[in-house]
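# Examining the three-dimensional arrangement
This is what each chain is made of:
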Amino acid sequence: LLLAIGRAYGYLGEEERLLDSYLQALPLLRAVGLREREAYALTSVGSVYDNLGEKQKALENLYLALSLERDLGNQQGVASLLYRLGLIHDLIGEREKAIARFKEGLELRKAVGHPNGEGSKLWSLGNLYTGLGEYQEGIDHYARALPLLQAENHRGVANVLRNLGLTYESIG
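Since the model is a prediction, treat every value here as computed from it, not as a measurement. (Residues numbered from 1 in each chain as written. Predicted model: local features only at pLDDT ≥ 70, side-chain atom pairs only at ≥ 80, totals over all residues. Heavy atoms only, no water.)

### Looking at the confidence of the model for the protein chain
What counts, and what does not: Per-residue confidence from the predictor is reported as pLDDT, which spans 0 to 100. Each helix is a run of DSSP H or I of at least 4 residues and each strand a run of E of at least 2, with the numbering of both proceeding from the N terminus.
Chain-level statistics for the protein chain give a pLDDT mean of 94 and a share of 99% at 70 or above. Mean pLDDT in the protein chain bottoms out at helix H1 (residues 2-11), which sits at 91, and peaks at helix H4 (residues 55-72), which reaches 98.

### Observations regarding the layout of surface pockets
Operational definition: In this analysis the probe radius is 1.4 Å and the grid spacing 1 Å, with only protein atoms considered; a cavity is a set of points the probe fits into but cannot get out of, a pocket is an open set with protein on both sides within 12 Å along at least five of seven lines, and lining residues have an atom within 4 Å of a point. Grid points are joined across faces, edges and corners, and a volume is the space filled by probe spheres set on the points. Gly counts as polar in this scheme, as do all residues outside two lists: the nonpolar Ala, Val, Leu, Ile, Met, Phe, Trp, Tyr, Cys and Pro, and the charged Asp, Glu, Lys and Arg.
Of the volumes computed, that of the largest pocket is approximately 160 Å³. What lines the largest pocket is Leu-1, Leu-2, Leu-3, Ala-4, Arg-7, Ala-25, Leu-28, Leu-29 and Arg-37. Those elements that place two or more of their residues in the lining of the largest pocket are H1 and helix H2 (15-32). If one sorts the elements of the lining of the largest pocket by residue count, H1 sits on top with four residues. Class assignment for the residues of the lining of the largest pocket results in seven nonpolar, no polar and two charged.

### Observations concerning helix H3 (residues 35-51)
The following threshold applies: What a helix should span is 1.5 Å times the count of its residues minus one. For every residue, the accessible area obtained with a 1.4 Å probe (protein chains only) is divided by the maximum for its type, and the residue is called buried under 20%, exposed over 50%, and partly exposed between those limits. Contacts were defined at the residue level, with two residues in contact if any of their heavy atoms lie within 4.5 Å.
With 17 residues, H3 extends 24 Å between its outermost C-alpha atoms, agreeing within 8% with the 24 Å of an ideal straight helix rising 1.5 Å per residue. Along H3, the residues classified as buried are Glu-38, Ala-39, Ala-41, Leu-42, Ser-44, Val-45, Gly-46, Ser-47, Val-48, Tyr-49 and Asp-50. Check the buried side of H3 and you find it contacts H1, H2, H4 and helix H5 (75-91). Just past H3, the residue Gly-53 takes up positive phi, approximately 85 degrees.

### Re the environment of Leu-91
Within the secondary structure layout, Leu-91 lies in helix H5. Using a relative accessible area of 60% as the deciding quantity, one classes Leu-91 as exposed. C-alpha of Leu-91 to C-alpha of Asn-163: the two residues are 72 residues apart in sequence and 19 Å apart in space.

### Observations regarding the packing of aromatic side chains
Note the threshold: Here the aromatic set is Phe, Tyr and Trp, taking the six-membered ring for Trp, and pairing holds for ring centres within 6.5 Å; pairs whose planes are under 30 degrees apart are stacked, those over 60 apart are edge-to-face, and all others are tilted. Our definition puts a charge over a ring when NZ of Lys or CZ of Arg is within 6 Å of the ring centre and also within 35 degrees of the ring normal.
Enumeration according to the criterion identifies two aromatic pairs in this entry. Where Tyr-22 meets Tyr-40, the ring centres are 6.0 Å apart and the plane angle is 50 degrees; that geometry is what we call tilted. In this pair, Tyr-22 sits in helix H2 while Tyr-40 sits in helix H3, placing the two residues 18 residues apart along the sequence. Overall, the relative accessible area of 1% leaves Tyr-22 in the buried class. Aromatic pair Tyr-83 and Phe-102: ring centres 4.8 Å apart, planes at 25 degrees, arrangement stacked. Of this pair, Tyr-83 sits in helix H5 while Phe-102 sits in helix H6 (residues 95-111); the two residues are 19 residues apart in sequence, bridging distant segments of the chain. Here the basic side chain of Lys-121 rests over the ring of Tyr-83, its NZ or CZ set 4.2 Å away from the ring centre.

This is the structure:
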């Protein structure tokens, strides 16, 4: 019931109340062993903390959810969480950690036969490598992302082309 109430608050845009409901639900979910719902709640709590700008709390909860998803064998959930963790690590300037999370998630998606969003993840990796001054690695990732994004008619194609051009310009 607390999860349903939290979701309702989420639909209303009341993130603080959503967070309160989910935080109340977590010990109850643990007590009765509803691990899938606990992982869902931890992911939601992490997302709310992220939206509220509390990146460390977001990471803590998302890593707890990641551990549960791994224990449950939910590879799709693991891959999604790895990407989200990578985004947050990037936002707080931890690019090496972001790269590691993105790569792990990308490899996992391929291994389980769900390469969804591979182009956008390669694009993100290109951005991270370029930001670290590893221009050739960035170019390689942009080049791999481009045909995948073009095949999806993705709106990011122009951005990847721009990033490629700027990166080539940076290396002369």
